[in-house]
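# Inside the fold
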Protein chains: 2
Amino acid sequence: MTNPDDDTPRRAHTGRRRNEDARRAILDAVLVLLAESGGAPVTIDTIARAAGVGKQTIYRWWPSKGAVLLEALTGLAGDVVSPPRGETLRADLTSFVTATFRGARAESTAAVLRSLVREAARDPHAADLVRTFTESRRDALRALLAGHPDELAPDADLDLIVDQLYGLFWYRFLLAHRPLSDEAAGALGAALAAQAGAGSVRP
Amino acid sequence: MTNPDDDTPRRAHTGRRRNEDARRAILDAVLVLLAESGGAPVTIDTIARAAGVGKQTIYRWWPSKGAVLLEALTGLAGDVVSPPRGETLRADLTSFVTATFRGARAESTAAVLRSLVREAARDPHAADLVRTFTESRRDALRALLAGHPDELAPDADLDLIVDQLYGLFWYRFLLAHRPLSDEAAGALGAALAAQAGAGSVRP
DNA sequence: GCTTTGTCGAGACGGAAGGTCTCGGTAAAG
DNA sequence: CTTTACCGAGACCTTCCGTCTCGACAAAGC
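Model, not experiment: these values are computed from the prediction.

### Topic: the overall build of chain A
In terms of regular secondary structure, chain A is built from nine helices and zero strands. Listing every helix and strand of chain A by position from the N terminus yields α-α-α-α-α-α-α-α-α. When contacts within chain A are restricted to residue pairs at least 6 apart in sequence, those whose partners lie at least 24 apart make up 71%. Accessible surface for chain A amounts to roughly 10,900 Å². Of this, 53% is attributable to carbon and sulfur atoms.

This is the structure in structure tokens:
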């Protein structure tokens, strides 16, 4: 019996192929518009107009605006925070935090991050993407911690440390009441390294 | 010369007065709807309908939806986290964090907080209100820390500690990847008390 | 070359939501 | 009993997302 919902096509793909130029033009337009907009929301129509593309071409390949933003962000991730492998946990933590803070200080990535969060507040699908993204960042940080097993107290709560780091990062990034400075990065790295080494205090 | 933009009325207020019942009905409707909606967005029309009130009556007294939400939230603040004054910094911090976490676990307040954040992502005016709100919370926490000067290292970075606490709180609250449990509250309180006592580690 | 098939740009369209405007009615002050 | 300001109700405008339609065009197979 034939399944009408069968995904396998009855014959190979024959029609016109995806236009790679359009894909690049869309992602580039997103980054340019976000950088120029200075935090103001960027609409789908604006993106399509700037990319010289029909809206349908966007929605054919991405399920929502948030998905486009996230792909543009990961495209930026060539400058991503690469996990260092230094001597001490404290040094590694500090350079990880510093790189994270610096990435967020660059207005190009900051604009994408901010828009992504705004989108996640509106679109549940975008919220899922953000959750996946933040989870991958947490995993990277956990791997860094696990790379220094001799410096970790046996009962150290790594999840707590990870969330303190990224919690402070997002909190300051979004509220912007205090800068994500290199000094703050150093202090945070040192404090969390000490916390990891001390383990939880006895009750 | 007469200033047409003069704010002072040429005579005392004479007309009909503000209906206090309507005000209460609006704020109550907001809380009820948010609690029932289970996180789904609540619209102005729904609020007006539920409160038996015209939309204009809402916009006459509040500049935006976010402002209504915030007033409803501060109305809830009778259950607010009251700064304790115990023996040790660690005990005070732990009970402060525990109370904060528990407040966010109550679905009634959690729904308002979530909606407020959603609104802040859209409406700059609401974002300002949220900034003011979070600032007052930070002030309360700083006051708690300052209440134990003998337990603070002279070079302790109080802003860093405050932001670690609220950063982790909001991060976990909004991402919900990990619970705001009493255990986590205890661990966080202990870790931050230790950090405050140790001060910044020497370079 | 011709047909089929899937993508392209452009834009009309529907729907949701916030916020404004209007209108007839009503309570308070004088 | 007149003026003033608020009230409920709802039409209305605007913005923006996401879908649908249309004629054009490119790739694959015959």
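### Comments concerning the nonpolar core
By size, the foremost hydrophobic cluster in this structure holds 61 residues, and its most contacted members are A:Ile58, A:Leu93, A:Phe101 and A:Tyr166. Counting 60 residues, the second largest nonpolar core, distinct from the first, contains A:Leu160, B:Ile44, B:Val162 and B:Ala184.

### Some points on empty space enclosed by the protein
Residue and element names in this part refer to chain A. Applying the stated rule across the entire model yields one cavity of 30 Å³ or more. Estimated volume of the largest cavity: approximately 30 Å³. Leu113, Leu116, Val117, Val130, Phe133, Thr134 and Trp170 are the residues that line the largest cavity. Of the residues assigned to the lining of the largest cavity, the class counts are six nonpolar, one polar and no charged.

### Some thoughts on the confidence of the model for chain A
Residues and elements named next belong to chain A. A residue-level look at chain A finds 89% of positions with pLDDT of 70 or above and a mean pLDDT of 89. When mean pLDDT is taken per element in chain A, helix α8 (residues 158-175) scores highest with 98 and helix α4 (residues 65-75) scores lowest with 90. A low-confidence stretch, residues 1-10 stays under pLDDT 50, and its non-local contacts, those more than four residues away or across chains, total zero contacts.

### Description of helix α2 (residues 44-51) of chain B
Residues and elements named next belong to chain B. Among the residues making up α2, those that are buried are Ile44, Ile47, Ala48 and Ala51. For α2, the buried positions fall inside an angular range of 95° around the axis, keeping them on one side. The inward-facing, buried residues of α2 abut α1 (20-37), α3 (55-61) and α4 (65-75). Directly after α2, the chain includes glycine 52, whose backbone phi takes a positive value near 65°.

### A look at the relation of the copies chain A and chain B
Least-squares fitting of chain A to chain B yields an RMSD of 0.1 Å, with the superposition described by an axial translation of 0.0 Å and a rotation of 179°. The relationship between the two copies is best expressed as a two-fold rotation axis. Identified as the residue of chain A closest to the rotation axis by C-alpha distance is A:Gly167, at 2.0 Å. Interface residue correspondence from chain A to chain B reaches 100%, placing this contact among same-surface, isologous pairings.

### Regarding the interface of chain A and chain B
In this assembly, 31 residues from chain A lie in contact with 31 residues from chain B. For the pair chain A and chain B, the two sides together bury roughly 2,700 Å², of which 59% comes from carbon and sulfur. If you sort the residues of chain A by the area they bury against chain B, A:Leu160, A:Asp163 and A:Tyr171 come out on top, with a joint share of 22%. Our count for the contact surface shared by chain A and chain B stands at four salt bridges. B:Arg178 is paired through a salt bridge with A:Asp159; the nearest N and O atoms lie 3.0 Å apart. The tally of links between chain A and chain B comes to nine residue pairs in polar contact (both at pLDDT 80 or more). Taken together, the elements giving at least two residues each to the side of chain A that touches chain B come down to α7 (124-146), α8 and α9 (182-198) of chain A.

### Focus on the protein's contact with DNA strand D
Taken together, 28 residues are adjacent to DNA strand D, and A:Lys55, A:Gln56, A:Tyr59, A:Lys65 and B:Thr57 come closest. Take the atoms of DNA strand D that sit within 4 Å of the protein: sugar and phosphate atoms are 66% of them. A:Ile44 is positioned with one of its backbone polar atoms (N or O) 3.0 Å from a phosphate oxygen of DNA strand D. In the model, a phosphate oxygen of DNA strand D is placed 2.6 Å from a nitrogen or oxygen of the B:Thr57 side chain.

### Let's talk about the pattern of salt bridges
Following the criterion strictly, the structure yields 25 salt bridges over all chains and no others. Here the salt bridges do not stand alone but share partners, grouping A:Glu20, A:Arg23 and A:Glu71 into one network.

What counts as what
Residues numbered from 1 in each chain as written. Chains lettered and ligands numbered in written order. Predicted model: local features only at pLDDT ≥ 70, side-chain atom pairs only at ≥ 80, totals over all residues. Heavy atoms only, no water. Helix = DSSP H or I, 4+ residues; strand = E, 2+ residues; numbered from the N terminus. Contact = heavy atoms within 4.5 Å. Areas by Shrake-Rupley, 256 points an atom, 1.4 Å probe, with all protein chains shown as cover. Core = buried A, V, L, I, M, F, W, Y, C linked by side-chain atoms within 4.5 Å. Buried < 20%, exposed > 50% of the residue type's maximum accessible area, 1.4 Å probe, protein only. 1 Å grid on protein atoms, 1.4 Å probe; cavity = no way out; pocket = protein on both sides within 12 Å on 5 of 7 lines; lining within 4 Å. Points joined across faces, edges and corners; volume = space filled by probe spheres on them. Nonpolar A, V, L, I, M, F, W, Y, C, P; charged D, E, K, R; others polar. pLDDT = per-residue confidence, 0-100. Arc of directions from axis to C-beta. Least-squares fit on C-alpha atoms with pLDDT ≥ 70 in both. Buried area = accessible area lost by both parts, 1.4 Å probe. Salt bridge = Lys/Arg side-chain N within 4 Å of Asp/Glu carboxyl O. Polar contact = N/O pair within 3.5 Å; in protein donor to acceptor, adjacent residues only side chain to side chain. Near = heavy atom within 4 Å.

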